[in-house]
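Inside the fold
These are the residues of each chain, in order.
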Amino acid sequence: VISGEKIGLRPRRNDDIPILIEELYNDVLTTSRADTRPWRPFAQDSRKAPYANEPPDNAACFCVVELASGELVGEAILWAIDTHNRSGRLGLSLRPAFRGRGYGVDSVRALCEYGFAVRGLQRLQLETLADNAAMIGAARRAGFTREGTLRRACWVYGEFLDEAVFGLLADEWQPGGQDH
Ligand SMILES: CC(C)(COP(=O)(O)OP(=O)(O)OC[C@H]1O[C@@H](n2cnc3c(N)ncnc32)[C@H](O)[C@@H]1OP(=O)(O)O)[C@@H](O)C(=O)NCCC(=O)NCCS
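Presented here is a report on the structure given in the accompanying data block. Just so we're clear, the structure is a prediction, and the values are computed from it rather than from any experiment. (Residues numbered from 1 in each chain as written. Predicted model: local features only at pLDDT ≥ 70, side-chain atom pairs only at ≥ 80, totals over all residues. Heavy atoms only, no water.)

Considerations on the sheet that holds strand β5 (residues 87-94)
Read across the open sheet, the eight strands follow the order β1-β2-β3-β4-β5-β6-β8-β7; overall the sheet is mixed. Here the strands that pair on one side only, and so sit at the sheet edges, are β1 (2-3) and β7 (145-156). Two strands pair when backbone bridges link them, and strand β4 (residues 72-82) and β5 are joined in this way by seven bridges, in the antiparallel orientation. Opposite Trp 79, over in β5, you have Arg 89 as the bridge partner. Against the sheet, helix α1 (residues 17-25) touches β3 (60-66), β4 and β5, its axis set at about 85 degrees to β4. Relative to strand β6 (residues 123-129), helix α4 (residues 133-141) is tilted by about 160 degrees, and along the sheet it contacts β5, β6, β7 and β8 (159-169). (Pairing = 2+ DSSP bridges. Helix = DSSP H or I, 4+ residues; strand = E, 2+ residues; numbered from the N terminus. Contact = heavy atoms within 4.5 Å. Axes fitted to C-alpha atoms, helices over the stretch in contact; angles between N-to-C directions.)

The structure is reproduced here in structure tokens:
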């Protein structure tokens, strides 16, 4: 629906859910690093199982797909959409086999297109662990500025880690996504 260079963002389908659970959610370390909530096991048919519910109205949940093949690449979300301050926050998680190929940058750019062009937001924010080189690289490439570090803000699998905060303003955003 929203096309980047090599990926597209489309709505989630039922047949995506088992793949997302198996390859993303059930990787306890990756989920612990990417989510502020603690990892918990869920039966696949549980109403509380990840990806099973309708997202809240202040979030837009997408699946990332490879444009060439249509294959599922991962999930991307614009959440905490705030229509008063006109801001929103980005989240992204790709299947292991699709990481490190530039799809992360492409997905961040496509989420920016949705947030700025479709939703009319003026500020997008993302947070990631300060040691997440891939997410930090993707954010910078898409034009985000590092705005600060929240020291020991995240409890991750037995230790407190620092979190980096990145922001991009609508008037800094370059559709098509120039490097910063
Ligand atoms: C984080 C994530 C979305 C990034 O997507 P990706 O497709 O792997 O990253 P890209 O290939 O687009 O690379 C983005 C930049 O980071 C760099 N990079 C990628 N993987 C890296 C790694 N493992 N170590 C260091 N740098 C890395 C790339 O070189 C690129 O920078 P460059 O353009 O300056 O060369 C993906 O790795 C992922 O889903 N990881 C697991 C879940 C996660 O951490 N989500 C984020 C939670 S906030």
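Considerations on the pairing of β5
Of all the eight residues making up β5, seven are buried; the element is thus mostly covered by neighbouring parts of the structure. Linking β4 to β5, which pair antiparallel, is a turn of four residues; within it Arg 86 sits at a positive phi near 55 degrees. Direction of pairing for β5 relative to β6: parallel, over a ladder of three bridges. The residue of β6 that forms the bridge with Gly 88 is Leu 124. (Buried < 20%, exposed > 50% of the residue type's maximum accessible area, 1.4 Å probe, protein only.)

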